[in-house]
Amino acid sequence: MSTPASSSGMSSLKAQDVLPALRQMMKNLEPNIRASGSMDAAEDLMLHLEERDPSFHRYEFVKLIRSNIEESLGPLMDEEIEKYARSGQAYDTGQDTVVQTMVAHLVNSPAYSNLTQQLMVETKSAVDTLTREFQEEQEAQQALESRVEGPGFRRAPSFGYLSQSSDNDSCGSSLNNSDFMFPNQKEFEQIGEKMDQRQPVQTRIEAIEQLGRIPPTEVLSSDNWSQLKKGLMDALGDANEQLADKSLQLHARMFSSSQHSMNREVYTSLVEHLNMQFTYKGQKGDLKTGLDVTSPSACRLLRRFRLMNEFMCVVPSYWIRCPDKFLEEVIDSTLYLLHTHPTKALGGAEPLTPVHYLAMLDKKAGWFKKWMHGNYSRTVVLRMLKEKYRALIDNAVKKSLEFCESRKQPHSLLDEVTSALQRESISTDSQLQNVGEGKRTTYAGPELEYIYFIHSLCMLGRMLLYSKGRAFFPIKVKDKEVKVTDLLVSFVQLLSLPNQSTRPYTGLDAASLVADVLKMIAGCEAALVECLCKDAVVSVLLEPVKARLKPTKGKKAAGEATLLHIADILSCLASSQTGRRMLLYGEAGNKAGKPNRNISSTAAHTIVEFATRALSSTLPSEESSPSYEVVGAYVFVCRQLYSTCEGLSVMHSYKLHACIAEAWRMASHEADIATTPLPAVEGDQTDSRRVLLWEESLIDNLLNFAATPKGLLLLQQTGHINECVDYMYARYAKKLQVSKHEKFGYGVMVTQVAATAPGMVALQSTGFIKALVNELWTQLECGRDDVRVIRPTPIPVDPIDRTAHKSFTAVLNLLSSFPAVYEALAEQKLQNAVSYTFRDMPNDMVGLIERLILVDTPAKMHALFNYEQSHTFGLRVLSVMCSCLDTFLLLETQYKVQESLLGCQAENVKEESNELIIDALSVERNHVLVRTYLIGGPSERKLPPRVLLEDGRDPYPFPLFSSFPIPKSYPTTMAGRSAMKQDSELSRYLSQTKTAEKNQAWLDGCRKAFCKVLTSKPDLAKANVLVDMLEKVVQGQIKVQEETIFPKVDYKGSDKGLKSQSLSAVQQLGVQLTIRYGTHLNLVKNSKDTKEQLSHLLKQVRFFLRQQQRNIDCQLRLLQGEYVGHDWFTSTLFLMMMGKSERCWNFLLKFSTLLSSGYLWMPRLHASAHLPVPLTVSGIHPVYYCSAHYVELILQAEVPAVASAFRMSGYTPSQICQHWLRQCFWNYLDWLEICHYLCTCIVLGVDYQVYTCVAILRHLTHDILQHTQNQDLQVFLKEQPIPGFRVGEHLEFMQQLEERYRQTVQPDMRNLAKP
């Protein structure tokens, strides 16, 4: 052993180091030692300190011991480890044995003995010093306290040096003395005798001071507690102020005990004392004379209530850790006190009750809010109120109703009351004791009644949040049953108090309090349904608004504050679906869950009428025009309604979008001519600043029309879509919330805007596209400059790295719609530069395609830092884009996408064998090539995976290729057409029909036969039967006036003229895809004659539709010329009719007059003269602003989980539905289901287009929720087919939707002229 090391370590341990460290530890342990209650408990605490104190190793004394152990025994430990390492033994016996052996050697070493001896000596020296200091301090205090101590007392060890006295301590200096005394039972008896009320006052004071020196647990555990408790209660009620204060201070000190039994006894004692004050000692004031808080009796009573209230507010934080008996006794004693009502003297005034005093200290019943917060205590509170103290609630309702009824009286006094209470509040002892100049000292009777009302209002509002609280109603008051609705109607009527006309928010005025309670109820779904979703409540709430619309002569209209309160409440209602439906459809419509737009008396109509008339300054002139704040508040409520599909459907006839746009133009003009606003002083906004805020509010509200498909059309028709998108981009870049009631950002709105051609133009003009592309490029190629590089970036494992996933989703959302893609890419050529520098960054979608998708030259490859990752990203984007057939045709005809991918595959070969190399990029390219070449539903084509299989021998058994046609292993084998004619009820019904019989009755019979076959034997509804049915149904429908909305147009073309014309490149490629699909289905032959027939049919259709189009002077590329996409509806009919173009042409001529042609046949309404010019110029098809709009509306009501999933993903149902409907579900449904879909929409009604989309989304519910969680919903919906969906299996559900929604959907679909 190294003696020098040991001696040097011992020399560092000195008394001057130990003393402050030990003092610091004891000072930190003082609260725990005091709470231990006895010497045995304190000793046990110190012995197990390391186990119980998480701060044990932070004490300086412990650190000092540890450092000396390391310094003295560290070298010895190193020597022991080296010795065992050199010997190479002892490890065989186990690690524990080695450690035990080494520890034994250290414990038996001289160094360890010297260390422990030295430590004991120095610690004992420090303890002696601390004890000596304490004894000197104690002797100095004994002379002052000799009169307090009685004979026979024994002292426990004290910690006087730890005391931190304070002059402001509520227990007084004598009760805060750090000395503890532990008397025996005889001594407790002596204290109890001294506290007897027959003893002199001074003796009782001394006894209370002696009791304050005893630990609370010792007092409670004594046999004389009942005697001591009685003495304390007598002292509390004694006329001597000093004695009463000493008793109150002792109660406050005993509340600091950690023992719940002590707290319960002290609290019940205090409450019992207060109850006696009101029960046996007469009135404590009355409402006539009011209350003077400076009077000794009132001051003392308020201080006791304050102590009680503080405990009431604190105890909920820990009573769940206490026994149930503790909770029940505390609640029972409190409610017993509060329900106490002093007896009214004969002919006297109404006496003050305990609730009056408690309300002065806790006006808004904060204690009740905390007691009702948790179910653990709420259950007990409501049970006791119901079983024993129902009078407390009855009285609260009674007082509230009496106050509400008094609103008919002049309120000048109430105005003063509210202002006075706002300036002054009784909450602390300092305000009770130090009432000086400028402080109010007297509360009049009306003020006390008003405080009581506030307290009752807050209590009742909190009770109405819970079902068991609402179960108290109806309550009988003055021989009348008061229901919840009656109570709330009375509260709501307070909003229109006359004194609210010019008053701002104060927090204690009746209107503000009622508004807060109603908004609290509106935030609870269950309470909202039971309380506020009542026509009686909403009608009274809107009375001031209706009065502004139709003023009554001689009656003053509601003021600004009232209207703002009402707007806040309506806004809270509109933030939930239940409240929104209440405003839109009323109580009856909300319960039925069935929209009815014919209800013109609902709240929504009143709100939107007020907003539109206020915006256009057409309100009656008897009153001054409402301020910007008021008008903005009501427009915001309207915005919460019209930002949903059902809200816009109810409100769009008011043309609110036009009013907001006009108001914004005026505000913008005022802002332009206004002077530049200077920095405003707080509370003093200049007029120019108010105009700027008003302008911003209006453009924000106008922008929110873009939240729905039809709303986006209305926004486009205002002509301010560019300004709105510019404003949205500014907020989107800052990641700001849409509104205070909106949980998500602008992602959904950006997606909705990007679904249309004018929306894409607006996004490009504002720089949104450029910013998105630059951000994407930075994430893929550059990395962020503001991120400090601590370690190398990990190599991405997923095809789309998590850092780029958000940008990937944003790009897909922007390129999801073909009209938007066409606006971004049409006639845009690739740069195809000879070389690219690393600083060359794409700024638009064309550049993105060139640099990330068509990476087919060495220059493009070498210009990418992360070639494989970036190119994989581009190929994934291409795959999703090509799921839209029109988009694929555009990309292929403009950029030769397939040729580029095949070329890359051909170059990616092994030199020795010319076999294609299987890597991540070749697998991705192979998938895209197969996807773009083959057409078919879930069972009609087989797409190769994008990942390798786990089979090590053949990880990718799918053949790669570098030229077309694709290998035969990809197309599935389709069964040939059956030569056997299968009879069905539908075919029999059609065969028995004569030409003259095709009337409405025949159509109804055909519908029944079709539905029966579709649900029972859908396989018998083959193309030949369906075509026969369609021809006869269309021939019958053209005789029905409701179905024929387009005029019949004579075809003026000739075969000779058509031969000289040629189809566009997009249509020519579409013909190839159609023939390839028909050949695969064994419907047509892949011959030159078939292609010519289809091409001729498309030329005829183009010429026929051109006769019904108007020339439009528009900047949209989409409207400059013919329909830019392929006619998938005509191609579908061509295949259904087995390539018989003449039969197909005759059908289309008749079908073109029907309503369903406008929605199923996309080119039918392109630049159509049958639509109003504003609709035509918008470039937005009715399939989007009508069909997709109602898909979203019905989806929100019928499948809310799916609607919420779309919203969370930032994608919209309208986009995917528009995508499906444009291409007639090609690539998503099998051929037979596509035929069933078209026949369903034509035979049963075009509104079945909407119901089919809803049924599909309902069918995909599980997958949608799953992929929303995986954050790839857009990719799933666009790339994956719809497996397992059968139109016949979902027909019953669609018929249910027809029954509920046809009256809403079909009129709008028919009224194409007025969307």
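To start, this report covers the structure provided alongside it. (Residues numbered from 1 in each chain as written. Predicted model: local features only at pLDDT ≥ 70, side-chain atom pairs only at ≥ 80, totals over all residues. Heavy atoms only, no water.)

**Here's the deal with the overall build of the protein chain**
What the protein chain contains, in helices and strands, is 67 helices and four strands. Residue burial in the protein chain is summarised as follows: out of 1315 residues, 55% are buried. Of all intrachain contacts in the protein chain linking residues separated by at least 6 positions in sequence, the fraction that spans at least 24 positions is 76%. As displayed, the protein chain offers around 58,900 Å² of accessible surface, 50% of which is attributable to carbon and sulfur atoms. (Helix = DSSP H or I, 4+ residues; strand = E, 2+ residues; numbered from the N terminus. Buried < 20%, exposed > 50% of the residue type's maximum accessible area, 1.4 Å probe, protein only. Contact = heavy atoms within 4.5 Å. Areas by Shrake-Rupley, 256 points an atom, 1.4 Å probe, with all protein chains shown as cover.)

**Considerations on helix H63 (residues 1231–1243)**
Helix length check: H63 (13 residues) gives 18 Å between terminal C-alpha atoms against 18 Å at 1.5 Å per residue, within 8%. The set of residues buried in H63 consists of Trp 1231, Glu 1233, Ile 1234, Cys 1235, His 1236, Tyr 1237, Leu 1238, Cys 1239, Thr 1240, Cys 1241, Ile 1242 and Val 1243. Of the residues flanking the end of H63, it is Gly 1245, one or two places downstream, whose phi is positive at about 130 degrees. (Expected span 1.5 Å × (residues − 1).)

**Regarding the environment of Asp 1028**
Here Asp 1028 lies in helix H52 (residues 1023–1037). Residue classification places Asp 1028 among the partly exposed residues on the basis of a relative accessible area of 26%. When the C-alpha positions of Asp 1028 and Ser 987 are compared, they lie 8.7 Å apart, and in sequence the two are 41 residues distant. The residues contacting Asp 1028, other than those within four sequence positions of it, are Leu 990 and Arg 1143.

**Looking at a nonpolar patch on the surface**
Residues Val 99, Val 103, Val 107 and Tyr 112 make up a contiguous nonpolar surface patch of about 290 Å² in total accessible area. The element that contributes the greatest number of residues to the nonpolar patch is helix H6 (residues 95–107), accounting for three residues. Tracing the sequence through the fold places Val 103 in helix H6. A residue is classified by how much of its surface remains accessible, and Val 103, at 41% relative accessible area, is partly exposed. (Patch = residues over 30% accessible without salt bridge, like charges linked within 9 Å, V, L, I, M, F, W, Y side chains within 5 Å. Salt bridge = Lys/Arg side-chain N within 4 Å of Asp/Glu carboxyl O.)

**Examining the packing of aromatic side chains**
Tallied over the full model, the rule gives 38 aromatic pairs. With a centroid separation of 6.1 Å and an interplanar angle of 40 degrees, the aromatic rings of Phe 961 and Phe 964 are classed as tilted. The exposure class of Phe 961 is buried, given its relative accessible area of 5%. Exposure remark for Phe 964: the relative accessible area of 29% places this residue in the partly exposed category. An angle of 70 degrees between the planes, with centres 4.9 Å apart, marks the rings of Tyr 1051 and Trp 1145 as edge-to-face. With Tyr 1051 in the loop between H52 and helix H53 (1055–1059) and Trp 1145 in helix H57 (residues 1141–1151), the pair connects residues that are 94 residues apart, well separated along the chain. Among the residues examined, Tyr 1051 registers a relative accessible area of 23% and is labelled partly exposed. Three or more aromatic residues joined by ring pairs form one cluster here, namely Trp 319, Trp 367, Phe 368 and Trp 371. Above the face of the Phe 1046 ring, Arg 1164 is positioned so that its terminal group lies 4.7 Å from the ring centre. (Phe/Tyr/Trp six-rings, centres within 6.5 Å; stacked < 30°, edge-to-face > 60°. Lys NZ or Arg CZ within 6 Å of the ring centre and 35° of its normal.)

**Section: unusual backbone geometry**
Residue Pro 474 follows Phe 473 across a cis peptide bond; omega there is 5 degrees. Looking at the element boundaries, Pro 474 is found in the loop between helix H24 (467–470) and strand S3 (475–477). The step from Phe 964 to Pro 965 runs through a cis peptide bond, and the omega angle for that step is 0 degrees. We note that Ala 1167 has phi near 50 degrees; this positive angle belongs to a residue other than glycine. We note that Cys 1224 has phi near 55 degrees; this positive angle belongs to a residue other than glycine. With respect to the secondary-structure elements, Cys 1224 resides in the loop between helix H62 (1213–1222) and H63. By relative accessible area, Cys 1224 is classed as buried at 2%.

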